[in-house]
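Coordinate inspection notes
Here's the letter readout for the chains.
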Amino acid sequence: MDEKMQQIVALCKRRGFIFPGSEIYGGLTGTWDCGPLGVELKNNIKKQWWLSMVQSREDVVGIDASIVMNKTVWEKSGHLKAFTDPLVECKICHSRFRADKKEEIENHEKTHKDKVSWTEPKNFNLLVKALFGVLEGEQSEVYLRGEITQGAFVNFENVVSSTRVKIPFGIAQIGKAFRNEITPGNFTYRSREFEQMELEFFVENNDKEADKWFDYWKEQRMSWYAGLGINKDNLRFRKHEDSERAHYAKYAEDIEYNAPFGWSEFEGIHHRGDYDLKAHALNYVGENGEKYTPWVIETSGGVDRSMLFFLLDSFSKEGERTVLKLHPKLAPYKVAVFPLLANKEDLVKRARSIFENLKPQFMTAWDDRGNIGKRYLAQDEAGTPWCVTVDFQTLEDETVTVRDRDTAKQKRIKVEELSQYFQNKLT
Ligand code: ATP
């Protein structure tokens with residue numbers, strides 16, 4: 001694994017962003033758990049996505065559909081037949097790989113002295129099976145959803161009849177999806193359980209409308225990532241080749257990140273045409289009573305992949321300091337409060353009351369261990385944008401120092417203005 005990736009994996013474990021799933025029992029391939037800092041970062045990503053995709057718009061509504069759905073959904077959607085990856089097996093050691101991941105195959109070949117030969121590719125279905133019901137023998141086989149998308153389609157008529165949406169409009173959703181990935185790897189990048197954030201945007205059934213909205217959503221999604229701090233040089237669009245397009249897509253483009261393991265997809269913009277609504281025999285009645293099947297432009301992003309890329313992109317080493325320069329809206333803790341000295345009762349008391357006051361408004365950390373320099377370093381590594389220190393001057397003039405994570409500069413601010421100061425920075 002690349003050195004930067006190793007540093008990120010170690011930081012995530014050490015500071016409580018991401019832990020291997022079921023670690024005390026040897027782990028479970030392709031699963032990861034969020035720790036105390038990780039769950040905050042992840043929730044903040046989801047909150048910002050919802051704010052931009054649902055709350056700030058009039059033409060998008062949200063839903064939260066079940067993970068387990070009637071099997072017929074997956075028959076009709078084509079996933080039972082076509083949600084596959086091509087699998088090949090190394091004839092020497094029987095390791096299995098995706099035939100379309102040429103680099104992984106070449107790397108594997110280098111691990112054998114003899115020339116490696118491979119089995120013919122065969123299609124491997126990625127849907128994860130489970131059993132529903134209580135009576136053995138009468139349990140029904142179900143699938144954990146392989147994409148959250150279908151929840152938006154099967155609820156299309158429910159949403160139309162229960163709200164005032166009119167085409168063009170979108171249904172947004174965030175939730176878990178499961179895939180029996182052949183080669184989970186690159187830390188959380190390819191997992192078997194992961195979370196998606198998706199918009200299904202329904203438009204009139206013609207190329208002019210579909211192209212217009214496809215371009216619109218492409219730009220919106222790219223600027224969302226850039227607006228939350230990802231360096232634009234590390235972002236690009238990539239058009240799908242005909243051979244790699246999913247079974248439902250008329251055309252598709254990915255947003256890719258320049259990861260240490262190469263340019264990698266973390267969001268797909270797909271023109272799904274009328275594929276899904278037709279598959280589920282769903283229609284829409286337009287303004288003039290005409291019945292038609294709308295087309296769909298989809299934006300499908302990964303919460304876990306974007307979390308990994310936000311971490312990678314914000315990671316920097318400056319001398320002895322490791323800093324996560326996360327956008328303040330994403331940072332797990334916004335503020336940390338310290339008494340300059342932990343053994344001075346009046347300093348601790350004043351600092352505690354400032355901490356108690358800020359905590360209901362912002363995620364606020366408390367630290368009174370070690371010296372102030374070490375506390376700054378610990379907060380830098382957790383990505384906390386501002387540290388408030390209560391010192392002897394505070395007791396005289398009711399001001400504190402506020403230290404900025406990115407510049408390491410400090411300024412004095414009145415205690416009564418602190419809350420507004422942080423509020424302004426976060427809006
Ligand atoms: P890949 O080609 O990398 O397997 P995909 O094209 O199959 O991905 P989509 O089906 O378009 O992915 O899924 C949409 C998004 O869901 C992806 O852009 C990614 O962010 C996320 N995603 C898909 N598979 C995984 C996975 N195994 N682990 C983590 N996130 C995933």
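Quick caveat: nothing in here was measured; it's all calculated off a predicted structure.

1. What about the site of the ligand?
Around the ligand lies a shell of 16 residues, among which E181, R190, S191, E265 and G302 are the nearest. E267 places a polar main-chain atom, nitrogen or oxygen, 3.4 Å from an oxygen atom of the ligand. The contact in question runs from an oxygen atom of the ligand to an N or O atom on the side chain of R305, over 3.2 Å. Notes on the ligand: free accessible area 600 Å², of which the protein chains cover 89%. If you list the elements that add at least two residues to the shell around the ligand, you get β11 (193-203), β14 (262-273) and β17 (295-302).

2. Re the domain arrangement of the protein chain
Parsing the protein chain into structural domains produces domain 1 (3-67 + 127-313), domain 2 (84-125) and domain 3 (333-426). Relative placement of domain 1 and domain 3: their C-alpha centres are 37 Å apart. Here domain 1 and domain 3 share an interface that buries about 560 Å² over both sides, 50% of which is from carbon and sulfur atoms. Three residues stand out in domain 1 for area buried against domain 3, namely R15, L37 and E40, and they jointly supply 64% of the buried area on that side. Linking domain 1 to domain 3 there are 2 salt bridges. Across the salt bridge formed by R14 and E381, the nearest N and O atoms sit 2.5 Å from each other. Joining domain 1 to domain 3, the criterion identifies 3 residue pairs in polar contact (both at pLDDT 80 or more).

3. Comments concerning the side chain of T389
By the element assignment, T389 lies in strand β22 (residues 386-390). The residues touching T389, leaving out its near neighbours within four places in the chain, are F338, L340, I372, Y376, T394, V400 and T401.

4. Topic: the packing of aromatic side chains
For the coordinates displayed, the defined rule picks out 27 aromatic pairs. Judged by centre distance (4.9 Å) and plane angle (85°), the ring pair of W32 and F187 falls under edge-to-face. Here W32, found in strand β2 (residues 32-34), pairs with F187, found in the loop between β10 (169-178) and β11; they are 155 residues apart in sequence, far enough to count as distant. Classification of W32 by relative accessible area gives partly exposed; the value is 30%. Here F201 and W213 contribute two aromatic rings whose centre-to-centre distance is 4.6 Å and whose plane-to-plane angle is 45°, an arrangement assigned as tilted. One end of the pair, F201, is in strand β11; the other, W213, is in helix α8 (residues 207-227), and 12 residues separate them in sequence.

5. Section: the side chain of S264
The topology assignment puts S264 in strand β14. Residue classification places S264 among the buried residues on the basis of a relative accessible area of 5%. Reaching out from S264, the side chain makes a polar contact with the backbone oxygen of G262 at a distance of 2.7 Å. Setting aside anything within four residues of it in sequence, one finds S264 in contact with Y189, I255, E256, Y257, A259 and F309.

6. Observations regarding the nonpolar core
With 50 residues, the main nonpolar core has F309, F310 and L311 as its most contacted residues. Ignoring any residue separated from it by four or fewer positions in sequence, one finds L311 in contact with I8, C12, F17, I18, L41 and L324. Membership of the second largest hydrophobic core comes to 19 residues, among which are F355, F362, L418 and Y421.

7. Section: a nonpolar patch on the surface
Among the surface-exposed residues, L341, F392 and L395 lie close enough to one another that they form a single nonpolar patch of about 240 Å² accessible area. Structurally, L341 can be placed in the loop between β20 (335-339) and α11 (345-358).

8. Quick notes on the sheet that holds strand β24 (residues 410-414)
Ordered in space as β21-β20-β22-β23-β24, the 5 strands form an open sheet in which the pairing is mixed. Strands with a single pairing partner mark the edges of an open sheet, and in this sheet they are β21 (364-366) and β24. Taken over all neighbouring pairs, the strand axes of this sheet differ in orientation by 30° on average, direction set aside. Inspection of the sheet shows β20 paired to β21 by 3 bridges, in the parallel sense. Within β21, the position partnered with A336 by the bridge is A365.

9. A look at the pattern of salt bridges
Going through the model one piece at a time under the given rule, you end up with 34 salt bridges. Between E141 and K71 there is a salt bridge, and its shortest N-O distance comes to 3.6 Å. Note that E141 is positioned in strand β9 (residues 140-144) and K71 in helix α3 (residues 71-76), a separation of 70 residues in sequence. In this structure K71 comes out as partly exposed when scored by relative accessible area, which is 29%. The partner of R236 in a salt bridge is E256, with the nearest N and O atoms 2.8 Å apart.

10. Focus on α11
With 14 residues, α11 should cover 20 Å at 1.5 Å per step; its first-to-last C-alpha distance of 20 Å lies within 8% of that length. Of all the positions in α11, only L347, V348, A351, I354, F355 and L358 are classed as buried. Along the axis of α11, the buried residues cluster in a sector spanning 130°; they form a single face. Away from its buried face by more than 90 degrees, α11 exposes E345 and K349. Each element contacted by the buried residues of α11 is listed here: β20, β21, β22, α13 (392-397), β23 (399-404) and α14 (418-425).

Definitions and cut-offs
- The written sequence of each chain sets the order in which its residues are numbered from 1.
- Side-chain atom pairs in this predicted model are given and counted only at pLDDT of 80 or more, local residue features only at pLDDT of at least 70, and totals for whole chains, interfaces and linings cover all residues.
- For side-chain calculations, the full set of non-hydrogen atoms in the structure is used, while hydrogens and water are omitted.
- Here a residue is considered near a molecule or strand provided that any single heavy atom belonging to it is located within 4 Å of it.
- Polar contact criterion, stated in full: a pair of N or O atoms within 3.5 Å, where within protein one must be able to donate a hydrogen and the other to accept it, and residues adjacent in sequence count only if both atoms are side-chain atoms.
- Each accessible area is a Shrake-Rupley estimate made with a 1.4 Å probe; only the visible protein chains count as cover when residues are assessed.
- Helix and strand definitions follow DSSP, with helices as H or I runs of at least four residues and strands as E runs of at least two, each counted in order from the N terminus.
- Domain delimitation follows an automatic or database domain assignment.
- What gets called buried area is simply the loss in accessible area from a 1.4 Å probe that two parts show on being joined, summed for both.
- Counted as salt bridges are all cases of a side-chain nitrogen of Lys or Arg within 4 Å of a carboxyl oxygen of Asp or Glu.
- Should any heavy atoms of two residues lie within 4.5 Å, those residues are considered in contact.
- Stacked, tilted and edge-to-face are the three classes assigned to paired rings of Phe, Tyr and Trp, where Trp is represented by its six-membered ring and a pair needs centres within 6.5 Å; plane angles under 30 degrees give stacked, over 60 edge-to-face, the rest tilted.
- Buried, partly exposed and exposed residues are distinguished by accessible area as a fraction of the type maximum, computed with a 1.4 Å probe on protein chains only: under 20%, between the cut-offs, and over 50%, respectively.
- Definition of nonpolar core: a set of buried residues of the types Ala, Val, Leu, Ile, Met, Phe, Trp, Tyr and Cys, connected through side-chain atoms within 4.5 Å.
- Only residues whose relative accessible area exceeds 30% and that form no salt bridge are eligible for patches; like-charged ones are grouped when within 9 Å, while nonpolar side chains (Val, Leu, Ile, Met, Phe, Trp, Tyr) are grouped when within 5 Å.
- Criterion used throughout: strands pair if DSSP finds at least two bridges between them.
- Here the axes come from fitting lines to C-alpha atoms, over the contacting stretch only for helices, and the angles between their N-to-C directions go from 0 to 180 degrees.
- Every helix has an expected span of 1.5 Å times one less than the residues it contains.
- This arc is taken over the directions from the axis of the helix to the C-beta atoms.

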